[in-house]
Every structure is written in C-alpha cells, then in structure tokens.
Amino acid sequence: VSASRCSSATALAVVAVAALAACEERDVETRPFRIAVTVGDRPLGEGIAATTAFVLNGVGDRRSDVALAVPGAVADDGGLVGDVLVAFDPSAAPGLAFPPQLHGAQVRVVVVVDPAHLGPRGEPLPVVGFRVALGAAPDFRQQLLLSEGTYADANGLGVVGPAPFGIAGIDRTRPDVPEFLLEDGASTFEPAECGLVYYDLLDVVDDVEGIRGDVLRTGERLEMSIGEAAAPEEPPWTVLHVLSWHRDGRCTGQAQAWNQFAAWRPPRPSP
Amino acid sequence: VSRLVLALALAALPAAALAQGAPRGEPEAGPPAAPAAENAGEEGESGQSPAGDEGGDDDDAPLDDDEFEQDERPLPAIATGPIARGRLVVSGDVGWLRSGLRGAVGFGRGVDLLLRVESMLLYDGIDAQNSVELGLRYSPLGAGRVRVTGEVSAGQLFAQNEGFTGALTTVRGELALGVLVGPTTVYARGALRGVREEALVGNPWVRDGELGLGVEGRLRRLVGGVEWYRWTRPDLETLDQWRLRVGFAL
C-alpha cells in the first residue's frame, strides 16, 4: 500500500509540475488586406487631413488576382487623376481576387482613405476600404468591395468604419450592395495577454427590403441577391466575414477592435 | 448582476454542506433491491485498503461489520460519481483557464446533483467570464474499480465586455471513465458544451469541448487531484488547460 501511495504521489507531482508550466495564452492572428492605392508612384490621398472618398473612373486593367490598374483615371467631374493601381494582400482570405469581368471594362472605383487610421498593431493603415463597380453614370453595378478597420464605439465595441458603402455614388433608390453592421460576440474568444478578445458577428443586411439577411461568424460566408428587380441579370453577392473582434482589456499599441470583410459578384452568365 | 449571482452561488455551497450534516448517520430509505454501494458512500473508503491504513479515524469507520459490503462501497471522488445518498462532496479547483467551486449531492441509485460555479480566477479574477451550472450526474458503475459517469447540466455564462455584460445560456454533457488503483482514481473525460448566442440566425448554439486526463488521490475524507485537458473549439486553435482540485467528502 505504501508503494502504491508513493507512486500516486509521484504521479500527482509530475502532472502538477507539468500543468503549472502551461498557462497558455493566445491572441487573434489578424492579417489586414493592407490595401494600397497609388497614383503614379504616390499613395492616393497623400497629405489629406480628413477621411475622404476618392472616386476614380476608367477602363479596368486586371494585372493579377490582387492588382487592378485604371490607367488615366478621371474623377466624376472629369478631372484627370492619373494612372491608378489598387492592390491588396489576400492572405487573410485565400482566393479573394478582383473579378475577371473588371478587365477591359469601364469601371468606377471608390476608395476611402482615413489618414489617421491605425491597424491592429498600431501601424498606419490609411486605406480602409474600396469598392469597384461596372458601368458608367448613372447605371453602376457593384462587383467587389473590401473593408477593414479598427473603429470602435464609446464602449470599445467594434463598428464598421466610414465605409465606401452608402456614400459617394450609390443610388439608394436602386441599391445593389448589402449593408453591414457589427454585433459584439460573447461566446467565442481568445485568452490574450491583456484580456479576452471576443470574436464579433457581422450582420449582412439586404438594404432593399430592410430585412436582416444573416449573421456571419468569423470565416463564414453567404450568398445574397440584391437589386434583382432592377437588374435580374446580376449574379448574387458572395459575402465573406474574414475576421472581427474586440478586446476586453488591451496592451499598449493594440487596437481595441477590428473588422474585416469582403463581398464580390462573379461574372454574369453568358447569354 | 453576475457578481450577485456568483456570490449567492458561492454562499450556497457551504450552506448546503452544513445542511448535509444531519443526515450523515441516517440509514437510506431506498428500496431493498438497491445495492449496498449506494448507501455507504465515503464511509466505505476503507474498503479499498486494509482497515489499519486509516489509522483509527472514527469518521471513516464502516457503517456495519460486513467486510464484503465494505468492498462494494464507492470511494469519494470529484470527477466521477457516484456519491452515496444524502452525502455531499464539496470541492474547489484552481486552474488555467478556469477555476471554480462545486458541490455534489448524492441522490442514491447512482444519481448526483451538481452545482458548479466557475471564473477565470488566475487569468483575470472575476472580470472575464463567470458561469454557474446545475446538473445531474449518473454513475451506473460505482462500486467496483471502474467508474463510468455521465452528466448533463445547464446554466448561465456571464461574459463581460467593456461597457456591457451579457448572460448566455449554456448546456453541457460529459462522460467520464475512471479506474481505481489503490487510493488513486485515474480518469479520462470528454465534455461537450453549447453556448447560446442569441444574435446568430438559424442555429444559435456555439459549441466547444474538453478532452481531459486526470488523477485523484484520497486521504481519508480529503480528495486532491490534478487534471490536464484540451479545450477544443471548432475552427479555432485547441488550447491546453489544467486544474488542481481539492475536495472534501461530508
């Protein structure tokens, strides 16, 4: 019996030491799109003081899955902007790409630049979103949008930033883009170094009917048709909720909240 | 509100322990067919080792002189059941990520009632997530060297955000298998928990689970143990967790 108790005590001690050695913490791995928009060799919006939505019109030149050029882009008033290149990092959303129908077509790109915006680690991240539409005024049909940001409300809960959705050129009498809202999550989290990081939820709303479409957790996607009455030939949107979170406590240099999502339409089916 | 609920729950445990003092010596009023194992509980701990081991502790004296029946009585344990009818095992555990207090009362026939309160004490005191759960545990095999225990419970999870506190409903199922080796119980367990996130459309339940290995040792009425477990979460990284436990059988 004494040998048995000794072995039990030894086992307990070994397991206890091993257990005490592990207090595993984990933070959320956040990989921004790092949207880069250049005019010539200069960043778009260089030197601006306030959040601005830039409108760029021209013929799309799809250089790669993640780079779209608009040579000789012009603003809505016809003023020349220059040769524009829009690019992003797809590592957070493998497969995300500029749709092929943008190549060689008349496109309208709206880019939102917030010069004071910082990324999840406090790094400058001034371009917080863009959308690309096909067509010429006034008949635009949106094809792709990307959005990300560290915007939070007074309670520290994440909110969608000054999105390129709902401003600068979307005809609300004939909408064809879903709307996005964030809801703070409470059930799923990471035990990070300076407090829990909760994964948030993305509401995707059909702004035609004003009815909630669905709620997406991180990594989830859905298909949603919008504007079918006006343009029944347009394929449905695919919405991808890449990642959203907010922190309950944070270390120096960390953002309070983060949201990142994308939506795109495939090419129209051939007649 | 969550702190109030936690305080009430914490206060309820010692109160329940005191309340269990009276029936300790009462005979079970169960049907004659009920196995002796359901009657004896912690009093039968000496049945797993020579009587001399317990060194004259009157609390551990058997209820009767039938040595055969003593061998059939369940040892007190925390992770596995059963607990003898009318008896109580209170325990506290400190661990990563969760710590907590629990009380388990034996109903007889292998059925126990559980109350569990947890917080992330080592991580962030009671400022992170706290929970309270009430459950039932059934242990069809409680008298021999093998313990099998199934548990279902439900409760509330209090998730605190900056400027917001939310209470989420939880449901939980657990299955544990233990083997007694002398005064030690080695066990494995698996648990599945659902947390109801009201905002989700369609299926509002968010799932996580635990797969654990542990060992408990016993010294008279005192039970101590350590457990390592993996906290599994769909689509998220699995995290290693642990807990140290101390319990007392009343």
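Residues numbered from 1 in each chain as written. Chains lettered and ligands numbered in written order. Predicted model: local features only at pLDDT ≥ 70, side-chain atom pairs only at ≥ 80, totals over all residues. Heavy atoms only, no water.

**Some details on the overall build of chain B**
In terms of regular secondary structure, chain B is built from 4 helices and 10 strands. Each helix and strand of chain B, ordered N terminal to C terminal, gives the series α-α-α-β-β-β-α-β-β-β-β-β-β-β. Within chain B, the fraction of its 250 residues that count as buried is 52%. Look at the contacts in chain B between residues 6 or more apart in sequence, and 52% of them connect residues 24 or more apart. On chain B, roughly 10,500 Å² of surface is accessible, and the fraction owed to carbon and sulfur atoms is 63%. (Helix = DSSP H or I, 4+ residues; strand = E, 2+ residues; numbered from the N terminus. Buried < 20%, exposed > 50% of the residue type's maximum accessible area, 1.4 Å probe, protein only. Contact = heavy atoms within 4.5 Å. Areas by Shrake-Rupley, 256 points an atom, 1.4 Å probe, with all protein chains shown as cover.)

**Brief notes about the overall build of chain A**
Tallying secondary structure elements over chain A gives 1 helix and 17 strands in all. Taking all 271 residues of chain A together, the buried fraction comes to 51%. Considering only intrachain contacts with a sequence separation of at least 6, the fraction spanning at least 24 residues in chain A is 61%. Accessible surface computed for chain A: about 11,400 Å², of which carbon and sulfur atoms make up 55%.

**Quick look at the pairing of strand E12 (residues 195-199) of chain A**
Residues and elements named next belong to chain A. Burial runs high along E12: 5 of the 5 residues are buried. The sheet contact formed by strand E11 (residues 189-192) and E12 spans 4 bridges and is antiparallel. Within the sheet, the bridge partner assigned to Glu190 lies in E12 and is Val197. Linking E11 back to E12 in an antiparallel pair, the connection comprises 2 residues. (Pairing = 2+ DSSP bridges.)

**Points about the state of the cysteines**
Residues and elements named next belong to chain A. Per the stated rule, a full pass over the model turns up 1 disulfide over all chains. A sulfur-sulfur distance of 1.6 Å marks the disulfide that ties Cys194 to Cys251. Here the disulfide of Cys194 and Cys251 is right-handed, its torsion about the S-S bond being about 80 degrees. Highlighted residues: Cys194 in the loop between E11 and E12 and Cys251 in the loop between strand E16 (237-247) and strand E17 (257-264), separated in sequence by 57 residues. Among the residues examined, Cys251 registers a relative accessible area of 16% and is labelled buried. Residue Cys23 stays outside any disulfide, its sulfur separated by 15 Å from that of Cys194, the closest cysteine. For Cys23, a relative accessible area of 38% translates into the label partly exposed. (Disulfide = S-S within 2.5 Å.)

**Remarks on the packing of aromatic side chains**
Under the counting rule described, the total for this entry stands at 8 aromatic pairs over all chains. Taking the centre distance of 5.4 Å and the plane angle of 45 degrees together, the rings of Phe189 of chain A and Trp231 of chain B count as tilted. Highlighted residues: Phe189 of chain A in strand E11 and Trp231 of chain B in strand E9 (residues 222-233), drawn from two different chains. On the accessibility criterion, Phe189 of chain A (2% relative accessible area) is buried. Three or more aromatic residues joined by ring pairs make a cluster, and in this case those are Phe33, Phe88, Phe98 and Phe130 of chain A. Stacked on the ring of Trp245 of chain A, the Lys or Arg Arg247 of chain A has its end atom at 4.8 Å from the ring centre. (Phe/Tyr/Trp six-rings, centres within 6.5 Å; stacked < 30°, edge-to-face > 60°. Lys NZ or Arg CZ within 6 Å of the ring centre and 35° of its normal.)

**Concerning empty space enclosed by the protein**
Overall, the coordinates contain 7 cavities of 30 Å³ or more when judged by the stated rule. Taken as a whole, the largest cavity holds about 250 Å³ of empty space. Mapped by element, the contributors of at least two residues to the lining of the largest cavity are strand E2 (99-108), strand E3 (111-119), strand E4 (129-141), strand E6 (164-181), strand E7 (184-196), strand E8 (205-219) and strand E10 (236-249) of chain B. The element that contributes the greatest number of residues to the lining of the largest cavity is E7 of chain B, accounting for 4 residues. Among the residues making up the lining of the largest cavity, the classes are represented as 6 nonpolar, 3 polar and 14 charged. For the second largest cavity, the calculated volume is near 100 Å³. Lining of the second largest cavity is provided by 13 residues; of these, Ser187 and Thr188 of chain A together with Val206, Arg207 and Asp208 of chain B occupy positions nearest its centre. For the lining of the second largest cavity, the secondary-structure elements that each account for two or more residues are E7, E8 and E9 of chain B. For the lining of the second largest cavity, the class distribution of residues is 6 nonpolar, 2 polar and 5 charged. (1 Å grid on protein atoms, 1.4 Å probe; cavity = no way out; pocket = protein on both sides within 12 Å on 5 of 7 lines; lining within 4 Å. Points joined across faces, edges and corners; volume = space filled by probe spheres on them. Nonpolar A, V, L, I, M, F, W, Y, C, P; charged D, E, K, R; others polar.)

**Let's talk about the environment of Ala105 of chain A**
Residue and element names in this part refer to chain A. Inspection of the secondary structure puts Ala105 in the loop between strand E6 (80-87) and strand E7 (106-113). Assessed through its relative accessible area of 18%, Ala105 is described here as buried. As for Ala105 and Gly60, which are separated by 45 residues in sequence, their C-alpha atoms are 5.6 Å apart. With residues near it in sequence (within four places) discarded, Ala105 still touches Gly58, Val59, Gly60 and Leu134.

**A closer look at the nonpolar core**
One broad rule of soluble globular proteins: the nonpolar side chains tend to lie buried together. Within the largest apolar cluster, 39 residues are counted, with the highest numbers of intra-cluster contacts made by Phe33, Leu96, Phe98, Val111, Phe130 and Leu146 of chain A. Apart from residues lying up to four places away in sequence, Phe33 of chain A is in contact with Phe88, Asp89, Ala93, Leu96, Leu146, Ser147, Glu148, Val242, Gln260, Phe261 and Ala262 of chain A. Core analysis: the second largest hydrophobic core is formed by 16 residues, Trp96, Met120, Tyr123 and Leu239 of chain B among them. (Core = buried A, V, L, I, M, F, W, Y, C linked by side-chain atoms within 4.5 Å.)

**Re the environment of Leu222 of chain B**
Checked against the element boundaries, Leu222 of chain B lands in strand E9. Taking C-alpha positions, Leu222 of chain B is 8.5 Å from Pro76 of chain B, a pair spaced 146 residues apart along the chain.

**Section: the confidence of the model for chain B**
Interpreting fine coordinate detail is not advised for predicted regions of low pLDDT. All names here are of chain B. Per-chain confidence: chain B averages 76 in pLDDT, with 68% of residues scoring 70 or above. Predicted confidence in chain B is weakest over helix H2 (residues 37-40), with a mean pLDDT of 38, and strongest over E3, with 97. Segment residues 1-72: pLDDT under 50, and 119 contacts once partners within four positions in sequence are set aside and those in other chains are kept. For this predicted complex, the interface confidence comes out at an ipTM of 0.81, alongside a pTM of 0.81. (pLDDT = per-residue confidence, 0-100.)

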